[in-house]
Amino acid sequence: MKILVTGGLGFIGSHTVVELQNEGFEVVIIDDLSNSSENVLDGIEAITGKRPIFEKMDLREKSKVQDFFKKHHDLEGVIHFAASKAVGESVEKPLLYYENNLGVLVYLLQELSKMDKANFIFSSSCTVYGQADSLPITEDAPVKPAESPYGNTKQIGEEIIRDTCHVNSQLSAIALRYFNPIGAHPSVEIGELPIGVPQNLVPFITQTAVGLREQLSVFGDDYPTEDGTCIRDYIHVVDVAKAHVVALQRLLGQKNDSNFEVFNLGTGKGSSVLEVIHSFERVSGEKLNYKIVDRRPGDVIQAYADTTNANNVLGWKAASTLDDSMKSAWDWEQKVRN
Ligand code: UD1
C-alpha cells in the first residue's frame, strides 16, 4: 500500500516513515528541505533497510501537486506533516504561514476530493486549546482564540478538513493534536535537527549540555504550579509516529466512527520545565547550566492530554517515559555533534 508522507524528512515525519515501512507500507516522501536534509533518507534506510521514494517539491506549486497525484494515482493514504512551525516566525511572517500551512492543505484536499476513496491524516496541535479551563484536556474542550498565526493555521486547518469531509463522503480524515513531541529514534539514526537557535525546550537543553549554547533560560518560575514553572505533556516522537500508523490503519480498515475524527496525542502526564531538566540530568549524568528569566509571552501555564479517546477509541497508548525520551534526545545530540 502506497502512502504519501509530506514533510517526511522532518522530525515527526521521518520517525513516522520508519514506522510505516516497518509495517510494510510503501512510502513516497515529498519534502522541500526547508527545515530538513536529504541525509535523513540514509537514516531511514539504515533503520528499516529500505529507502523511501523521495521527491523534492514545494507544495505551494499547485500544478506540481496536481502532476504528482496524476503520477501516483494509487495512493492509499496521505499523512500531511509539511508545514512551518515556529511560533515567533509566524508572528513576523503571517502570510508565509497561511500560504504554507493552509494554501497547501487546500491543494492536497482538492486532489483527494477527486479520488474514489481517500484517507488523510493531519498534524494538528494542542495549541488549539490555548489555556484550557480544565485539565487533563479532552478533545471536546473548546478551541480558544489562537495566540499566533501558527496556532491559527492549526485551528483553521482542522476547520477546512471538517468542511471538506462534510461534503465528500469518500474522504476520511483524522486530525492528531500533538502535545510536546521530543526525543529521537533509539537507533540514533534520525532525530530532531532544528536549524539555528532552537525555540523548543528539549533541543535547547541538549544543545546547552553539548556546549553549543551557553545557558538555558527557564521562562518563569512564578506560575501557579507546584515548582512555579510551566507544565507540558512531553511525548516520545516514536510514540507519536506509531499513532500515525494506527490512525492510518483505522481509516484503511474503515473502523472510523465518522469521516472526520480528532484525537489527542499525549502521555496524559504533565511535567514541569524543572522536572524535564532534572530528568535530563538524571539520564545524562550532566549538570545543566540554566537560569530563571522572565515569562515568555504567549506561554500557557499547563497543558496535558486526556488520553482516554486515544487509548480506547484509537487503540494507541504512549509507551515511553520522560526519562526514555530525554535519554534518546541526549544520545542523538551527542551523535550529531561528534
Ligand atoms: C510550542 C508552541 C506550540 C507549538 C510547539 C511546536 C508556544 C506558546 N507554543 O509549544 O504552539 O505547537 O511549540 O513545537 O510557542 N521553555 C523554556 N526555555 C526555553 C524553551 C522553552 O523555559 O528555552 C519552556 C516554555 O516556557 C514551556 C516549555 O519549556 O513552558 C515548553 O516550551 P516549547 O518546547 O517551546 O513548547 P510549547 O511552548 O509547549
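Residues numbered from 1 in each chain as written. Predicted model: local features only at pLDDT ≥ 70, side-chain atom pairs only at ≥ 80, totals over all residues. Heavy atoms only, no water.

Looking now at the overall build of the protein chain. For the protein chain, the helix and strand inventory stands at 11 helices and 13 strands. Computed over the C-alpha atoms, the radius of gyration of the protein chain is 19 Å, within 12% of the 20 Å expected from 2.2 N^0.38 for a compact globule of 338 residues. If you line up the protein chain on its principal axes, its C-alpha atoms span 55 × 45 × 40 Å. Counting across all 338 residues of the protein chain, residues that qualify as buried make up 53%. Within the protein chain, counting contacts between residues at least 6 apart in sequence, those at least 24 apart form 80% of the total. On the protein chain, roughly 14,700 Å² of surface is accessible, and the fraction owed to carbon and sulfur atoms is 47%. Placing the 32 positive and 47 negative side-chain charges of the protein chain at their respective mean positions leaves the two points 3 Å apart. (Helix = DSSP H or I, 4+ residues; strand = E, 2+ residues; numbered from the N terminus. Rg over C-alpha atoms; globule rule 2.2 N^0.38 Å. Buried < 20%, exposed > 50% of the residue type's maximum accessible area, 1.4 Å probe, protein only. Contact = heavy atoms within 4.5 Å. Areas by Shrake-Rupley, 256 points an atom, 1.4 Å probe, with all protein chains shown as cover. Lys, Arg positive; Asp, Glu negative; His and termini not counted. Charge placed at Lys NZ, Arg CZ, Asp CG, Glu CD.)

Residues Leu20, Ile29, Ile44, Leu176, Leu265 and Trp316 are the most contacted members of the largest nonpolar core, which totals 37 residues. Put simply, the parts of the chain that give this core at least two residues each are β1 (2-6), α1 (11-22), β2 (26-31), α2 (40-48), β6 (171-178), α8 (237-252), β11 (260-265) and α10 (308-314). For this core, the leading source of residues is α8, giving 8 residues. Judged by nonpolar contacts, the second largest core, of 27 residues, contains Leu75, Val104, Phe120 and Val262. (Core = buried A, V, L, I, M, F, W, Y, C linked by side-chain atoms within 4.5 Å.)

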